[in-house]
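Structural characterization, general
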4 protein chains.
Amino acid sequence: MSENNVNAYLLLTCPDQNGIVAKITQFIYQSGGNIIALDEHVNQNQEFFSFRVVWNMKNSNIPASELHAAFEPLAKEFMAHWRIEFSGQKQRVAIFVSKYDHCLQEILWRYNMNEYEIEIPLIISNHPDLKHIADAHNIPYHVFPITKENKQEQEAKEIALLKEHDIDLVVLARYMQVLSPSFIEAYRNKIINIHHSFLPGFVGGNPYKQAYERGVKMIGATSHFVTEDLDEGPIIEQDIMRITHKDTIPDLIRKGRDLERIVLARALSYKAEHRIIVDGTRTIVFD
Amino acid sequence: MSENNVNAYLLLTCPDQNGIVAKITQFIYQSGGNIIALDEHVNQNQEFFSFRVVWNMKNSNIPASELHAAFEPLAKEFMAHWRIEFSGQKQRVAIFVSKYDHCLQEILWRYNMNEYEIEIPLIISNHPDLKHIADAHNIPYHVFPITKENKQEQEAKEIALLKEHDIDLVVLARYMQVLSPSFIEAYRNKIINIHHSFLPGFVGGNPYKQAYERGVKMIGATSHFVTEDLDEGPIIEQDIMRITHKDTIPDLIRKGRDLERIVLARALSYKAEHRIIVDGTRTIVFD
Amino acid sequence: MSENNVNAYLLLTCPDQNGIVAKITQFIYQSGGNIIALDEHVNQNQEFFSFRVVWNMKNSNIPASELHAAFEPLAKEFMAHWRIEFSGQKQRVAIFVSKYDHCLQEILWRYNMNEYEIEIPLIISNHPDLKHIADAHNIPYHVFPITKENKQEQEAKEIALLKEHDIDLVVLARYMQVLSPSFIEAYRNKIINIHHSFLPGFVGGNPYKQAYERGVKMIGATSHFVTEDLDEGPIIEQDIMRITHKDTIPDLIRKGRDLERIVLARALSYKAEHRIIVDGTRTIVFD
Amino acid sequence: MSENNVNAYLLLTCPDQNGIVAKITQFIYQSGGNIIALDEHVNQNQEFFSFRVVWNMKNSNIPASELHAAFEPLAKEFMAHWRIEFSGQKQRVAIFVSKYDHCLQEILWRYNMNEYEIEIPLIISNHPDLKHIADAHNIPYHVFPITKENKQEQEAKEIALLKEHDIDLVVLARYMQVLSPSFIEAYRNKIINIHHSFLPGFVGGNPYKQAYERGVKMIGATSHFVTEDLDEGPIIEQDIMRITHKDTIPDLIRKGRDLERIVLARALSYKAEHRIIVDGTRTIVFD
C-alpha cells in the first residue's frame, strides 16, 4: 500500500492514568504500524500527561485517511487533546519580516536544503526592502505597511491572506511589529517569534543595548510562541554566546545575529517535526 | 504494598520486530504498574532494538521479588538480553585512584549529597597518598602497589576483594594503571574510566602536552567503558572547554581537572540511573 | 635581588589621552622590569581608559617597597585611579556561608590545590551547620545568627572581625542574608556574591522555581559585586547549562549547584589574579 | 589629514627582550598615534615574543605611505618579523569550492553584510555546480576540473589566476581536493581550510562516518592553515556540538554543516582583522 508508506505522528495530552501507553501502542501494533520513536512526559503537579509516538505505516491495515476516525474512540476514553500528522504533509508556513534579512536568509537556505518538511507559500512584510530575496526564491512577497491608524485593517488583510493560503504556522523572522490580540487569538500557539535576548532578561526594545548597559558576560536569543503578553509566550528554544567588556553594542548586534539565526532555525525544525506540545506557560519539546 | 513502593527499570535489547513496546507496556499495565519514563532506539542497520522503561510498582500485583520470573516468558519471545533493576537497590561501586584526588573528591561530594543511588564500600589504590580522604568518609582504603612483576597477582587480589564486596561497578578516577585483559573480562562493561582528552584525539599518555603541542583551541575529557584497547572503549560522556594560546601545559592540567570531574560525575550518574546500553563500539544513553 | 623576584600588577584607570601606554611601559623598562602581560580598554563613550600590566621584577632597580612612590608622579600626571599588587602578597579572603556547602567546598578544594593566591583566615556564618567543614580545614568558623532586631549589631561585629583580620575580599558563598548598605559601603567592590540565575533574569528568591515556571530552556548562575540594589551589582562571570521540560525544580537545584560552584570559583580566580576593574555598572575582566 | 584617518595594525614577532613594548609604544606616541588595542604573548620555552598593536592615525605626523620605512629601524633592532596593515586596505580573498554550498553561502552572506574587510574577486572550483551562487553575487567563477593527470597543470593555472588578481588569502570552503606542496608553498600560511571534525580526531575522509562509528557524544569542526601534512596545519578555530545515539550519519552531516559554517566564518574574521600569528604548529589568535 504505497499510499500508506508514510510515518504517522501522534501528539496527545490528557489527564494522567494507567494504561495509556499500553493501549495506544497496542492500537498501533494491531494496525500493523512499526513504532519508530516514542516519548512521554508527566507534569506531576498537574497530572498532565503528554505523549508523542511516531510509527511507520507501510504495513498498516488502516489507511492514513481513516486513521483519525479509527483512533478517536481511544482518545475519547482518555479525554485527550490530540492530533495526528503524516510525513509528506508539509506544514504551510508564512514568514513575516521587516528590514533585517538574516533570519529570513537562514530559513530559506535550510528550506532549499530540504532540512524542513514545510512549504513557504508567501512572505509578508511591513516594508518592501527584502522583496529581492523573496524574488530570488520565487516566493510571493506581500507588503502591508503598518501605522497606528491602519493596523487593524492591515492585519485583517494579512489574516485573510493566511487563511486563503491555508497557513499552519507564522514565523516572525525579526518582524518589528507587535501583533494585535485578535491576530494572536486566530493563530494561538501557531506564531513563532525570535527575541534577541535570553528571556526573561531584556524584554522589549533594544535588548542588546540593555545587555551592554547591564554588563552581562553572555548574550542570548529566545524563540517562543507569541501570546498577548510581549515576550512572555512559551519558550521553545534558547541559546547564548560569551561576550566580553570589549564588545560594543554594534558588536553585540553583529554577534547576536548568529544566535538569532540558529535559535529560530532550531525552533522551526522542532515545529516541523511535530515535537512541541504547549503546557501552559511552558513547552514540552520531545527529543 | 509498601515493600513494592519502588520503581522498576527494565533495560532490554533484542532483534527489532513489531509489537515489542505494545506487549511490554501491556505487561506493565496488567501488573498495575504506572509508567514514569520510556524510550526506545532502533539501530536500523543492525536491526538492534533497545528499550528502557521505568514504572512505579506501588499498586503492582506482582511483588518485586517475582517480577523477573513474571517477565521472563515475554523476554524469551523477543530473544532479548535484558535486566530489571529496582530503585533502592543501590549499585555497589569501587573507586580506583592513584595520586590525583579531584575526581575522587567530586564523586564523594556527590555521594554525600545523595546525588547517586550507589554504595561505595571500598576505595582501591596503587598508592597510599589518598588514604586520608577515604578515612574522612569512613570508607576502607586498600593499597595494592603495582609493579610489572606483581601485577597479575595484585589484580587477582583486587578482583577477589571486589567479588567479596559484591561490586557492580568499578570507577577508575584517574587510576594510572592499565588493567589486564583478564580483569577487564571479569567486569565487561562494568568499568568506567575518565580520559583527559576529547577522544579519539590524544590517546595514551600526557594528553594535555599533546594538546598543547597540536595547538588545539579546546580541550576535552571523555568517560568510557574500559576495553582491551586502550582509550578505545564505548564512550559514555564527553565535554570540552575553550582555551587560548596563552594557556601553558600547567594551565591545561588545572583547567582540565574541572572537565574530568564533571564528565566522570555525569557518566557515573547515567550508570547509577540505569540509562546506558552498550551497542558494540557505541553507547545508548537514554535521556 | 631575591626579595624582588616577584611579579608586579598595575591596574589603572584614567581619562583617555595619548601616550599613557608608552609612558608606563617606558617606566617599567627603565626600572628593569620585564613585561609578562598587558591589556588596555577604552570605553569610548565615557573616554574611560583602563590598563593592566604585569611585569617581573627580578632585575628591577626599584625595590618593591619603593615602587608605589616611584610610580606616583606618572599616575598623578594621568589623574589616575590605580593600585599595584605583588605576587606572593596573598589577598585575605573571608567566606560567608549559611547552610549550603557546595560553593564553600569548591573554594576550599581549589584553595588546597593552590589554585588561588589567597589566604582564608576565617569563615563567617549565620548558622552553625557547616562548622565541621571549616574544622576539617583548620579555618576558624564564626557564627553570627541574624534576626531583624540584631542585624545591625551583628554586622558591626562581623566588620570588626574582618578589620581585625585585614580582610581584602568577602565571598558570599550562598550566604542567605542581605547585607546592610553600611556593610556594603565598608567593602565597596570587595564583596563577591553568587546568584543562582542568569541575571538579570530571576532576581530575588527562588530563582530555580521562577525558571521552572517561566519554562526557560537553560538555567544560569551569575557572580557579581554586591551593591545596595539586590542582584544589580556589576557582573563578573556567568555561565549556563541546558535543561529540558523533564527537569523538575529539585533537578534544577541539583544541576544548578554545578553552575554556582564553577561560576563563583572563576570569579574568585579573576579577583585573585588582579584581573578586574569596575566601570560603573560593568566590569572589565582582563584576559 | 583625512588620508591618514585609518587604523594601523602592527603584527610583530622577535626573540624576547626587555623594552620592546616600551619602544614600540613610544614610537606610536611620538608619531601622534592613539593606541586602540594591544596584546603580547611570550612563548616562554622558545623565547618567542609576539605583539599586536592597533592605533588610529588621524593625528599621525607620519603618512601611512611612510610608516613602514619609519618603523623599519626599530624592527631591525629587534631582529623582528613584522608587517603593518591598514584599515581600508581590503585583503583580497579567493574562495575555493566543490559541490557543497553552505560554507560559501555563509561567507558571501557575511561579505554582503560587510562583516569582513575583504574583497572577493573570484571563486574557483573543480566543478561547475555552484556557478549560480557566484553569478547571483556578480563574482567571477572559474572552473578547473582536476584529474590525477592534469592536477599540476590546472593548479599552475589557478596560481597564475591568483597572482593576476593579487590574492592575499585562499579560503577552502569545503574544497574536495588536496592541494600540491608547490601550491601550499606559494601561499604559506595564506590558505585556510575547514575540516569537518574536531582535529586531531578523524583526519582524512568521511569524518562524520568515523565519528558515528566511534560513538562520540560531540562532533566538531576545525579551521586551520593548510600545510603539506593533511589536516595537520596550525589550528585557527574549533567548535563542537552535542549529539546523541539517535543521530544517524545523515543527521551528523546536516548538523555539522552549522559548525563548519560558523567555524570557517570565525577563522576568516580573525584573518581579516589581522589577529593571527603562526608560531610553528600553533597559532596565536589575539583577542
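Residues numbered from 1 in each chain as written. Chains lettered and ligands numbered in written order. Predicted model: local features only at pLDDT ≥ 70, side-chain atom pairs only at ≥ 80, totals over all residues. Heavy atoms only, no water.

**As for the overall build of chain A**
- In terms of regular secondary structure, chain A is built from 8 helices and 13 strands.
- Here chain A has a C-alpha radius of gyration of 21 Å; the compact-globule value for 287 residues is 19 Å, and the two agree.
- Seen along its three principal axes, the alpha-carbon backbone of chain A occupies a region of about 60 × 40 × 35 Å.
- The proportion of buried residues among the 287 residues of chain A is 62%.
- Considering only contacts in chain A between residues 6 or more positions apart, those separated by 24 or more positions represent 68%.
- Approximately 11500 Å² of chain A is accessible, and the part contributed by carbon and sulfur atoms is 49%. (Helix = DSSP H or I, 4+ residues; strand = E, 2+ residues; numbered from the N terminus. Rg over C-alpha atoms; globule rule 2.2 N^0.38 Å. Buried < 20%, exposed > 50% of the residue type's maximum accessible area, 1.4 Å probe, protein only. Contact = heavy atoms within 4.5 Å. Areas by Shrake-Rupley, 256 points an atom, 1.4 Å probe, with all protein chains shown as cover.)

**A look at the interface of chain B and chain D**
- Across the contact, 36 residues belong to chain B and 36 residues belong to chain D.
- Overall, the association of chain B and chain D removes approximately 3100 Å² of surface from exposure, summing both partners, and the carbon and sulfur fraction of that is 50%.
- Taken as a group, Arg214, His245 and Arg282 of chain B account for 26% of the area that chain B buries against chain D, more than any other trio of residues on that side.
- Across the contact surface, chain B and chain D share 8 salt bridges.
- We note a salt bridge from Arg242 of chain B to Glu237 of chain D, for which the minimum N-O separation is 3.2 Å.
- Linking chain B with chain D are 24 residue pairs in polar contact (both at pLDDT 80 or more).
- Elements with a contribution of two residues or more to the side of chain B that touches chain D: β2 (34–43), α7 (207–214), β11 (235–242) and β13 (282–285) of chain B. (Buried area = accessible area lost by both parts, 1.4 Å probe. Salt bridge = Lys/Arg side-chain N within 4 Å of Asp/Glu carboxyl O. Polar contact = N/O pair within 3.5 Å; in protein donor to acceptor, adjacent residues only side chain to side chain.)

**Observations concerning the packing of helix α3 (residues 102–112) of chain B against helix α8 (residues 249–272) of chain C**
- Viewed as axis vectors pointing N to C, α3 of chain B and α8 of chain C meet at an angle of 135°, and their least axial separation amounts to 13 Å. Judged by the inter-axis angle, α3 of chain B sits oblique to α8 of chain C. Two packed elements cross with a definite hand, and for α3 of chain B against α8 of chain C that hand is right-handed. Seen from α3 of chain B, the contacting residues are Glu106, Trp109 and Arg110 of chain B; seen from α8 of chain C, they are Arg257, Asp258 and Arg261 of chain C.
- Here the contact of α3 of chain B with α8 of chain C is composed, by residue class, of 1 nonpolar, no polar and 5 charged. (Axes fitted to C-alpha atoms, helices over the stretch in contact; angles between N-to-C directions. Parallel < 35°, antiparallel > 145°, perpendicular 65-115°, else oblique. Left-handed = near helix turned anticlockwise from the far one by under 90°. Nonpolar A, V, L, I, M, F, W, Y, C, P; charged D, E, K, R; others polar.)

**What about the environment of Ala8 of chain C?**
Residues and elements named next belong to chain C.
- Of note, Ala8 is situated in strand β1 (residues 7–15).
- Residue classification places Ala8 among the buried positions, given a relative accessible area of 0%.
- If sequence neighbours within four positions are ignored, Ala8 has contacts with Val53, Val54, Trp55, Met57, Leu67, Ile84, Glu85 and Phe86.

**Quick look at helix α5 (residues 151–164) of chain B**
Residue and element names in this part refer to chain B.
- Its 14 residues give α5 an end-to-end C-alpha distance of 20 Å, which sits within 8% of 20 Å, the value for a rise of 1.5 Å per residue.
- Within the sequence span of α5, burial applies to Gln154, Glu155, Glu158, Ile159, Leu161 and Leu162. Buried residues of α5 fall within an arc of 160° about the axis and therefore sit on the same side. For α5, the exposed residues lying more than 90 degrees away from the buried face are Gln152 and Glu164.
- Phi for Asp166, located one or two positions after α5, is positive at around 50°. (Expected span 1.5 Å × (residues − 1). Arc of directions from axis to C-beta.)

**A short note on the UniProt feature "domain: Formyl transferase N-terminal" (unreviewed entry) in chain A**
- Under the feature "domain: Formyl transferase N-terminal" (unreviewed entry), the UniProt entry names residues 92–268 of chain A.
- Structurally, residues 92–268 of chain A comprises 37% helix and 24% strand, and the distance from its first C-alpha atom to its last is 12 Å. (UniProt positions renumbered as here; feature names shortened; annotations may be inferred.)

**With respect to the pattern of salt bridges**
Residue and element names in this part refer to chain B.
- The final tally for this structure, using the stated rule, is 92 salt bridges over all chains.
- A salt bridge links Arg266 to Glu237; the nearest nitrogen and oxygen atoms lie 2.6 Å apart. With Arg266 in helix α8 (residues 249–272) and Glu237 in strand β11, the pair connects residues that are 29 residues apart, well separated along the chain.
- In this structure Arg266 comes out as partly exposed when scored by relative accessible area, which is 25%.
- Judged by relative accessible area, which is 3%, Glu237 ranks as buried.

**Points about the sheet that holds strand β5 (residues 91–97) of chain D**
Residues and elements named next belong to chain D.
- The 7 strands lie next to each other as β7-β6-β5-β8-β9-β10-β11, forming an open sheet whose pairing is mixed. Every interior strand has two partners, whereas the edge strands, β7 (141–143) and β11 (235–242), have only one. With strand direction ignored, the average angle separating the axes of adjacent strands in the sheet is 20°.
- Relative to strand β10 (residues 218–225), strand β9 (residues 191–195) is paired through 4 bridges, and the arrangement is antiparallel. Residue pairing in the sheet places Ile194 in a bridge with Ser223 of β10.
- Contacts from helix α5 (residues 151–164) reach β5, β6 (118–125), β7 and β8 (169–172), with the element oriented near 165° to β6. (Pairing = 2+ DSSP bridges.)

**Here's the deal with the relation of the copies chain D and chain A**
- When chain D is brought onto chain A, the operation consists of a screw motion whose angular component is 180° and whose axial shift is 0.0 Å, with 0.0 Å RMSD remaining. Such a turn and shift between the copies fits a two-fold axis.
- Residue by residue, 100% of the interface of chain D is reproduced at the interface of chain A, so both copies engage with the same surface. (Least-squares fit on C-alpha atoms with pLDDT ≥ 70 in both.)

**Some points on the relation of the copies chain B and chain D**
- If you rotate chain B by 180° and push it 0.0 Å along the axis, it lands on chain D with an RMSD of 0.0 Å.
- Interface overlap between copies: 100% of the residues of chain B at the interface are likewise at the interface in chain D, consistent with a symmetric, same-surface contact.

**Brief notes about the sheet that holds strand β2 (residues 34–43) of chain D**
Residue and element names in this part refer to chain D.
- Ordered in space as β2-β3-β1-β4, the 4 strands form an open sheet in which the pairing is antiparallel. Bordering the open sheet on either side are β2 and β4 (81–86), each of which pairs with just one other strand. When the angles between neighbouring strand axes are averaged without regard to direction, this sheet yields 10°.
- Relative to β4, strand β1 (residues 7–15) runs antiparallel, the two being bridged by 6 bridges. What sits directly across from Thr13, in β4, is His81.
- Of the strands in this sheet, β1, β2 and β3 (48–56) are in contact with helix α1 (residues 20–30), which crosses β3 at around 20°.
- Packed on one face of the sheet, helix α2 (residues 64–78) meets β1, β3 and β4 and runs near 160° to β4.

**Remarks on the UniProt feature "active site" (unreviewed entry) in chain A**
- Listed under "active site" (unreviewed entry) in the UniProt record, and renumbered for this structure, are Asp231 of chain A.
- Positionally, Asp231 of chain A belongs in the loop between β10 (218–225) and β11 (235–242).
- Asp231 of chain A gets classed as buried once you look at its relative accessible area, which sits at 5%.
- Filtering out sequence-adjacent residues up to four positions away, Asp231 of chain A remains in contact with Asn193, His195, Leu199, Val203, Gly204 and His224 of chain A together with Arg214 of chain C.
- Within the structure, Asp231 of chain A has its side chain in polar contact with the backbone nitrogen of Gly204 of chain A (distance 2.8 Å).

**Observations regarding the interface of chain D and chain A**
- If you look at the interface, chain D gives 15 residues, while chain A gives 15 residues.
- Taken over both partners, the interface formed by chain D and chain A buries close to 1300 Å², and the fraction arising from carbon and sulfur atoms is 44%.
- At the junction of chain D and chain A, the tally comes to 6 salt bridges.
- The shortest N-O distance in the salt bridge between Arg257 of chain A and Glu115 of chain D comes to 2.8 Å.
- Applying the counting criterion to the chain D and chain A interface returns 6 residue pairs in polar contact (both at pLDDT 80 or more).
- The class makeup of the residues in the side of chain D that touches chain A is 3 nonpolar, 2 polar and 10 charged.

**A few points about the pairing of strand β5 (residues 91–97) of chain A**
Residues and elements named next belong to chain A.
- Among the 7 residues in β5, 6 count as buried, and that is most of the element.
- Handedness of the crossover joining β5 and strand β6 (residues 118–125) through helix α3 (residues 102–112): right-handed.
- Inspection of the sheet shows β5 paired to strand β8 (residues 169–172) by 4 bridges, in the parallel sense. For Val93, the partnering residue across the bridge sits in β8 and is Leu169. (Right-handed = clockwise from strand over helix to strand, strands pointing away.)

**Quick word on α2 of chain D**
Residue and element names in this part refer to chain D.
- Taking 1.5 Å per residue as the helical rise, α2 with its 15 residues ought to reach 21 Å, and the 22 Å between its terminal C-alpha atoms agrees with that figure.
- A bend of about 40° at Glu72 is the largest found in α2, and the proline Pro73 appears one to four places after it.
- Ala64, Leu67, Phe71, Leu74, Ala75 and Phe78 are the residues of α2 that are buried.
- Elements that come into contact with the buried residues of α2 comprise β1, α1, β3 and β4.
- Backbone geometry just after α2 places Met79 at a positive phi near 50°. (Bend = angle between axes of the 7 residues up to and from the residue.)

**Focus on the side chain of His274 of chain B**
Residue and element names in this part refer to chain B.
- Looking at where His274 falls in the secondary structure, it is placed in the loop between α8 and β12 (276–279).
- Residue His274 is classed as buried on the basis of its relative accessible area of 4%.
- The contacts of His274, once residues within four sequence positions are left out, are Tyr9, Leu11, Arg52, Arg83, Glu85 and Gln91.

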